[in-house]
Amino acid sequence: MDQQRKTYYISVGAGEILSVPNASPWEFKIEANGDEITRLREIFDSSQDNSIDDFLRAHVPFVEYSHDPTNDQYDQNLFRIYSMIYELGDQEAKQQIESMGILDGFKSE
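Residues numbered from 1 in each chain as written. Predicted model: local features only at pLDDT ≥ 70, side-chain atom pairs only at ≥ 80, totals over all residues. Heavy atoms only, no water.

Asker: When you look at the sheet that holds strand β2 (residues 16-18) in this model, what are you seeing that I'm missing?
Answerer: To summarise the sheet geometry, strands pair through backbone hydrogen bonds and adopt either a parallel or an antiparallel arrangement. Spatially, the 3 strands line up as an open sheet ordered β2-β1-β3, and their pairing is antiparallel. Either end of the sheet is taken by a strand with one partner, and the two such strands are β2 and β3 (28-32). Taking the axes of each pair of neighbouring strands and ignoring which way they run, one obtains an average angle of 35 degrees across the sheet. Strand direction decides the pairing type here: strand β1 (residues 6-11) and β3, joined by 5 bridges, are antiparallel. The partner of Lys6 across the bridge, within β3, is Ala32. (Pairing = 2+ DSSP bridges. Helix = DSSP H or I, 4+ residues; strand = E, 2+ residues; numbered from the N terminus. Axes fitted to C-alpha atoms, helices over the stretch in contact; angles between N-to-C directions.)

Asker: I'm lost on the pairing of β1 in this one. Help?
Answerer: With 3 bridges connecting them, β1 and β2 associate as antiparallel partners. The partner of Ser11 across the bridge, within β2, is Glu16. A loop of 4 residues connects β1 with β2, the two strands running antiparallel in sequence, and Gly15 in this loop sits at a positive phi of about 70 degrees.

Below, the structure written as structure tokens:
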């Protein structure tokens, strides 16, 4: 796939990967190649699929949040998304993620 790095703008909440900054609100700016964007898109897609499963689980009252594998999958996907953004992001993105503390104890620096 294309190995040339391009600038992308990421909205985690919306699950969007934008190629232009004014198309929609975004939180993080990254530099990524085609393979990396494909991987990030797959994680966002997995999160979307998982959200549907979570919605269905929410209607089953006897399954606790802490004992639900869809919640674990959601958390893992978020960690993977923020890890990729941290790895590929500009200095501002790195600082923002560091201030959130979401990767504390997991960074491999």
